[in-house]
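# Results of the structural survey
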Amino acid sequence: MSPLSNPSLVPPPDVIRLAAEDLAAGYGRHAVLDGVSLDVAAGRFTALVGPNGSGKSTLLSAMSRLLAPMRGVVTLDGKAIHRMPTKALARELGILPQNPLQPEGLSVFDLVSRGRYPHQGLLRQWSDADEAAVERAMRLTGTLEFARRPVDDLSGGQRQRCWIAMAIAQETQTILLDEPTAFLDLRYQVEILDLLHDLTLNHGRTIVAVLHDLNLAVSYADTVVFLKDGAIRGTASPPADCTPALIRDVFGIEVLMVPHPETGGPVFIPRRGGDTA
Ligand SMILES: Nc1ncnc2c1ncn2[C@@H]1O[C@H](COP(=O)(O)OP(=O)(O)OP(=O)(O)O)[C@@H](O)[C@H]1O
């Protein structure tokens, strides 16, 4: 059993390992985010939601070091991630970007195996532990059956699951995912969200995911962070605290809030013609 598979390692709810403080980040000279501060609860599932162009991917990129901050700092266990050695960071924090670059002709097994790269070095070559981690990740994501097929031959949803498998094979404590359910049919949306939820609840992993489906975000996450115009406009923790007023403010639409028939949690139904803009 890997140490991360030990439920006793699930951290208490108030532990913060990953945090952004007064973050400004963007492209060229244009700051998309300005003054964003976010504490990510360790061992919990945080969803980032917000309209197109609100800065969700930019925040995820800055929090994973794909993007250098213009101001402010992102810390992991108190250390500025932009000053950590690349491999050391990659053993702690994994990122699945929105449009990952895919090398041509790679098999699914080879792609998922790349998740093990941070664990290798001159003195530490491919091992049984790597093989087992890859196989476990493929089994969890339902990609084992494609193992020998070229990634290019798969459908968008199948490919998405392979990328998620790669992120899981990396076995980092923290995993950031940009729209992990994009391209997935309903069954796999639910399976992948169940899996991410299980990784937090039973294996102590910290998950931060950009999600577009507000109702899935509210029903799966422990915390939902609302972004608009590059700033955090609200945080619902627990997500049941989410209100139609917050949704109106962030998305500019009117919604009805009804109780979920099984859980009693909120379900939001957009009103037809309910655009408030
Ligand atoms: N590589 C880039 N170069 C220049 N501007 C960019 C780049 N990527 C994003 N932007 C701009 O930054 C802003 C925020 O984009 P971002 O992708 O972070 O939003 P998002 O909330 O993730 O959107 P979506 O829901 O559409 O994925 C947008 O105005 C976008 O045009």
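The name given to the protein in an unreviewed UniProt entry is ABC transporter, and the organism recorded there is Azorhizobium oxalatiphilum. Regarding the protein, the relevant UniProt record gives this comment under Sequence similarities (unreviewed entry): "Belongs to the ABC transporter superfamily." Quoted straight from UniProt, the Subcellular location (unreviewed entry) entry for the protein says "Cell membrane".

For the α-helix, the turn length of 3.6 residues means that residues three or four positions removed from each other point alike. Counting buried positions over the eight residues of helix α1 (residues 56–63) gives seven, a clear majority of the element. Positive phi shows up at Arg-65, right after α1, with a value of about 75°.

A few words now on the site of the ligand. Around the ligand, the neighbouring residues are Tyr-27, Val-32, Gly-50, Asn-52, Gly-53, Ser-54, Gly-55, Lys-56, Ser-57 and Thr-58. With three residues, α1 is the single largest residue contributor to the shell around the ligand. Class assignment of the residues belonging to the shell around the ligand gives a composition of two nonpolar, seven polar and one charged.

Next up on the list: the sheet that holds strand β5 (residues 79–80). Read across the sheet, four strands follow the order β2-β1-β4-β5 without closing on themselves; strand pairing throughout is antiparallel. Of all the strands in the sheet, just β2 (30–41) and β5 have a single pairing partner and so form its edges. Where strand β1 (residues 16–27) lies against strand β4 (residues 71–76), five bridges are found, and the strand directions are antiparallel. Paired with Glu-21 across the two strands is Val-73, which belongs to β4. Docked against the sheet, α1 engages β1, β2 and β4, running at close to 120° with respect to β1.

Split into domains, the protein comes out as domain 1 (3–242) and domain 2 (253–277). The gap between the C-alpha centroids of domain 1 and domain 2 is 28 Å. Facing the six residues of domain 1 at the interface are four residues of domain 2. Here the residues of the side of domain 1 that touches domain 2 are counted per class, giving four nonpolar, two polar and no charged.

A word on helix α4 (residues 128–140). Helix length check: α4, at 13 residues, gives a terminal C-alpha distance of 18 Å against a target of 18 Å (1.5 Å per residue), a fit within 8%. Of all the residues in α4, the buried ones are Ala-133, Val-134, Ala-137 and Met-138. When α4 is viewed along its axis, its buried side chains cluster within an angular range of 130° and face the same direction. Opposite the packed face of α4, turned more than 90 degrees from it, sit the exposed residues Asp-128, Ala-132 and Arg-139. Packed against the buried residues of α4 are α3 (108–113) and α5 (156–169). Phi turns positive one or two residues past the end of α4, at Gly-142, with a value near 65°.

Cut-offs applied
- Residues numbered from 1 in each chain as written.
- Predicted model: local features only at pLDDT ≥ 70, side-chain atom pairs only at ≥ 80, totals over all residues.
- UniProt positions renumbered as here; feature names shortened; annotations may be inferred.
- Buried ≥ 20, exposed ≤ 12 C-beta atoms within 10 Å, placed from the backbone.
- Helix = DSSP H or I, 4+ residues; strand = E, 2+ residues; numbered from the N terminus.
- Near = placed C-beta within 6 Å.
- Nonpolar A, V, L, I, M, F, W, Y, C, P; charged D, E, K, R; others polar.
- Pairing = 2+ DSSP bridges.
- Contact = placed C-beta atoms within 7 Å.
- Axes fitted to C-alpha atoms, helices over the stretch in contact; angles between N-to-C directions.
- Domains from an automatic or database assignment.
- Expected span 1.5 Å × (residues − 1).
- Arc of directions from axis to C-beta.

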